[in-house]
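# Structure assessment
Below are the chains, spelled out letter by letter.
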Amino acid sequence: MDKGTVHGREAADADPVKGSASAEDAAAGLGTQLVRFSRLLTAYRQKARLESRSGERVLLAKLVRDGERRATDLAAATFLDLSTVSRQVRAMVDKGLVERRPDPEDRRGALLRATAAGRATFEEYRRQRDARLAELLEPWPAEDRYQLIRLLSRLNDDLEEFEYARPESGKVPGPGGEQGATQE
């Protein structure tokens with residue numbers, strides 16, 4: 001790899017403002033780091049024993065932030081399979097975190113919305129997550145924290161746009177067409 005590419009800690013820490021990478025080198029380095037990040041998140045979730053509630057957190061976040069919606073739309077918006085969403089929604093309704101009401105545009109369907117208890121649960125999940133991340137990021141320089149958010153937001157936006165624009169044969173375009181990775 002060329003000098004200046006950002007594959008390892010040494011290169012990334014050398015001079016965070018300078019350096020460059022070809023699209024191919026960046027893809028290779030990013031691919032490696034995304035796999036590593038994914039494995040670290042999985043290990044964190046298992047250690048924190050939150051894995052069984054990860055779907056709940058994702059769905060509650062979407063309902064709290066974006067308001068009520070049908071289960072099919074919730075599945076699409078969260079990149080989850082409809083059967084997974086239906087199972088999670090049933091459990092959340094039973095816990096009093098989500099409520100259903102008839103869809104006024106199509107009485108055969110139902111709209112889902114977070115209850116007050118669901119919003120409070122979401123806020124607690126977010127508070128716990130943010131506290132852990134604040135502890136992790138405390139030693140970072142403020143500019144690095146800002147750039148991390150800026151660049152990760154850009155990557156997420158571009159990934160989402162790229163996935164919407166590229167339907168694969170046999171798959172429904174857009175989120176929710178296939179089982180996907182969870183997000184929050």
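Figured I'd write up the structure that's included with this text. Keep in mind that what you see is a predicted model, and the values were worked out from it rather than measured.

### Observations concerning the packing of helix H3 (residues 54-66) against helix H4 (residues 71-78)
At a minimum axis distance of 10 Å, the contact between H3 and H4 shows a crossing angle of 110°. It follows from the interaxial angle that H3 and H4 lie roughly perpendicular. Packed against H3, whose contacting residues are Val58, Leu59, Lys62 and Leu63, the element H4 presents Leu74, Ala77 and Thr78 at the interface. Residues that form the contact of H3 with H4 fall into these classes: 5 nonpolar, 1 polar and 1 charged.

### A closer look at the packing of aromatic side chains
Enumeration according to the criterion identifies 0 aromatic pairs in this entry. Lying over the aromatic face of Tyr125, Arg57 brings its terminal NZ or CZ to 6.0 Å of the ring centre.

### What about the side chain of Gln88?
Positionally, Gln88 belongs in helix H5 (residues 82-95). Here Glu56 takes part through its backbone nitrogen, which lies 3.4 Å from a polar atom of the side chain of Gln88. Sequence-distant contacts of Gln88, that is, excluding residues within four places in its chain, are made with Gly55, Glu56 and Leu59.

### Here's the deal with the pairing of strand E2 (residues 106-114)
Two elements, strand E1 (residues 98-103) and E2, share 6 bridges in a ladder whose sense is antiparallel. Note on E2: the bridge partner recorded for Pro102 is Ala110. The loop that links E1 with its antiparallel partner E2 comprises 2 residues.

Rules and cut-offs
- Residues numbered from 1 in each chain as written.
- Predicted model: local features only at pLDDT ≥ 70, side-chain atom pairs only at ≥ 80, totals over all residues.
- Heavy atoms only, no water.
- Axes fitted to C-alpha atoms, helices over the stretch in contact; angles between N-to-C directions.
- Helix = DSSP H or I, 4+ residues; strand = E, 2+ residues; numbered from the N terminus.
- Parallel < 35°, antiparallel > 145°, perpendicular 65-115°, else oblique.
- Contact = heavy atoms within 4.5 Å.
- Nonpolar A, V, L, I, M, F, W, Y, C, P; charged D, E, K, R; others polar.
- Phe/Tyr/Trp six-rings, centres within 6.5 Å; stacked < 30°, edge-to-face > 60°.
- Lys NZ or Arg CZ within 6 Å of the ring centre and 35° of its normal.
- Polar contact = N/O pair within 3.5 Å; in protein donor to acceptor, adjacent residues only side chain to side chain.
- Pairing = 2+ DSSP bridges.

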